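Structure at a glance
Chain by chain, the residues run as shown.
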2 protein chains.
Amino acid sequence: MDSVRALAAHHPVYDVIGRRRDVRTEFTGRPVDEAVLWRVLAAAHAAPSVGLSQPWDFVLVREPATLEAFAAHVAEEARAFAVELPTERRERFRGITVEGIRESGLGVVVTYDPTRGGPRVLGRRTVQETGPWSAVLAVQNLWLAATAEGLGVGWVSFYREPVLADLVGVRDPVRPLAWLCVGEVEGLAEVPDLERHRWRARRPLRDAVHHERLGGQ
Amino acid sequence: MDSVRALAAHHPVYDVIGRRRDVRTEFTGRPVDEAVLWRVLAAAHAAPSVGLSQPWDFVLVREPATLEAFAAHVAEEARAFAVELPTERRERFRGITVEGIRESGLGVVVTYDPTRGGPRVLGRRTVQETGPWSAVLAVQNLWLAATAEGLGVGWVSFYREPVLADLVGVRDPVRPLAWLCVGEVEGLAEVPDLERHRWRARRPLRDAVHHERLGGQ
């Protein structure tokens, strides 16, 4: 069992954090209940944001032609990644599913608008990236609420940003930051896909924690 | 009451998401229990990451001299922000506390290591920013777990990255992405500070949700 799930006796949030998976293959394709979807979007919208700018928007994509076009583009980019891999890694990659775009039946595209909040966003002056990072915090709220509701979420990143922007009508300076497959699932995998396929192993927490300075024990 | 908290009957995660606040003034300064801190860090470490790269590290900073030096730097950058504001906004900004660095007694610096996971991180080829974004997902897990545990978290972003990097011994290509004040709190504010100080109002969820294309209703 996941070590974070073992903390659920302290608070149910640990169970949700530990069960959350990046879903590709478990989608049933049945439509998501509208009330549930709005609760999940409300969770995303309650995320923290730099200067309370709330610079995100959520585009719900269900048109089969759009899902098809995006899936085709992603397949092409996944092939481009594969050809650069050493043989042994390429073989392993072949067994890994990188998206559930058609299977989920719903894409939630999270966008970032740098003009939201005016020219002087409190806290963004020296670290401009806190703008897009705010939208990423919203993604994690969405992911956890969806997990709590029994839905699956899969973040797809094998795409060229201008292609995705065109598909969902996003124009400069607004940017699409993420395509999230959201849908009903048969269940969530116990072990992350990439660990199960021996692409990578998880790192022990203890190695990631330092004192006073990076590397400080 | 926060509209997301009203969803808590569906799952306790909504209560946590709705109560979470970006804390500056409510820290008690009492040390955080070690077991609680490790649970919160375990939650952060269970975040999703591109290609299972887990590119984050967490530097726990408690040395008073470091807290003092960082707070002084942040005060300087907050002044630089203030002088650029129109008079009315500058007056309003004066009433807003932008950090609780000394008061919390603990800074958790979240770093990003682009070399983690080797040169070919699955899913990062076309969107390199999914690397740092992974560390930001970890921040939100940390924030929610801390909220569930009754702790407060405040993300401080009035700083120059090289200054923070020097303070905590982070060297290129690793980057510090966030300073999080983490500490015991008297309680969490009902209304976000920036809304209470009428810096900005929150946007209705309905305005942030679109169909098929950005702007599509």
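- The name an unreviewed UniProt entry gives chain A is 5,6-dimethylbenzimidazole synthase, with Nocardioides acrostichi as the organism.

Structural notes on the overall build of chain A
- Of the regular secondary structure elements, chain A holds nine helices and five strands.
- Taken over C-alpha atoms, the radius of gyration comes to 18 Å for chain A, in line with the 17 Å a tight globule of 217 residues would show.
- For chain A, the C-alpha atoms occupy an extent of roughly 50 × 50 × 40 Å along the three principal directions.
- Residues classed as buried in chain A amount to 60% of the 217 residues present.

Here's the deal with the UniProt feature "domain: Nitroreductase" (unreviewed entry) in chain A
- UniProt records the feature "domain: Nitroreductase" (unreviewed entry) for residues 18-183 of chain A in the present numbering.
- Secondary structure across residues 18-183 of chain A comprises 43% helix and 16% strand; the distance between its end C-alpha atoms is 19 Å.

Examining the packing of aromatic side chains
All names here are of chain A.
- Taken as a whole, this structure holds 18 aromatic pairs over all chains when the rule is applied.
- When the ring of Phe93 is compared with that of Phe158, the centres are 6.1 Å apart and the planes differ by 45°; the resulting orientation is tilted. Of this pair, Phe93 sits in helix H4 (residues 87-94) while Phe158 sits in the loop between strand S3 (151-156) and helix H7 (161-167); the two residues are 65 residues apart in sequence, bridging distant segments of the chain. Accessibility assignment for this pair places Phe93 and Phe158 in one class, buried.
- Chaining the aromatic ring pairs together yields one cluster made of Phe81, Phe93, Phe158 and Trp199.
- Here Arg20 stacks its cationic end above the ring of Trp143, 5.0 Å away from the centre of that ring.

Side note on the sheet that holds strand S3 (residues 151-156) of chain B
- Reading across the sheet, the five strands line up as S5(A)-S1(B)-S2(B)-S4(B)-S3(B) and stay open at both edges, with mixed pairing between neighbours. The two strands at the open ends of the sheet, each matched to only one other strand, are strand S5 (209-211) of chain A together with S3 of chain B. Adjacent strand axes in the sheet meet at a mean angle of 25°, parallel and antiparallel pairs treated alike.
- Alignment of strand S1 (residues 56-61) of chain B against strand S2 (residues 107-112) of chain B, held across six bridges, turns out to be antiparallel. For B:Phe58, the partnering residue across the bridge sits in S2(B) and is B:Val110.
- Contacting S5 of chain A together with S1, S2 and S3 of chain B, helix H2 (residues 34-45) of chain B crosses the sheet at an angle of about 155° to S1(B).

Considering unusual backbone geometry
- A:Asp172 connects to A:Pro173 through a cis peptide bond whose omega is 10°.
- Structurally, the position occupied by A:Pro173 is in the loop between H7 and strand S4 (175-184).
- In this structure, A:Arg198 is a non-glycine residue whose phi angle is positive, near 50°.
- The residue A:Arg198 is located in the loop between helix H8 (193-196) and helix H9 (205-208) in this model.
- The exposure class assigned to A:Arg198 is exposed, which follows from its relative accessible area of 58%.
- One non-glycine residue with positive phi stands out, namely B:Leu52, at about 55°.
- Structurally, B:Leu52 can be placed in the loop between H2 and S1.

Cut-offs applied
- Residues numbered from 1 in each chain as written.
- Chains lettered and ligands numbered in written order.
- Predicted model: local features only at pLDDT ≥ 70, side-chain atom pairs only at ≥ 80, totals over all residues.
- Heavy atoms only, no water.
- Helix = DSSP H or I, 4+ residues; strand = E, 2+ residues; numbered from the N terminus.
- Rg over C-alpha atoms; globule rule 2.2 N^0.38 Å.
- Buried < 20%, exposed > 50% of the residue type's maximum accessible area, 1.4 Å probe, protein only.
- UniProt positions renumbered as here; feature names shortened; annotations may be inferred.
- Phe/Tyr/Trp six-rings, centres within 6.5 Å; stacked < 30°, edge-to-face > 60°.
- Lys NZ or Arg CZ within 6 Å of the ring centre and 35° of its normal.
- Pairing = 2+ DSSP bridges.
- Axes fitted to C-alpha atoms, helices over the stretch in contact; angles between N-to-C directions.
- Contact = heavy atoms within 4.5 Å.

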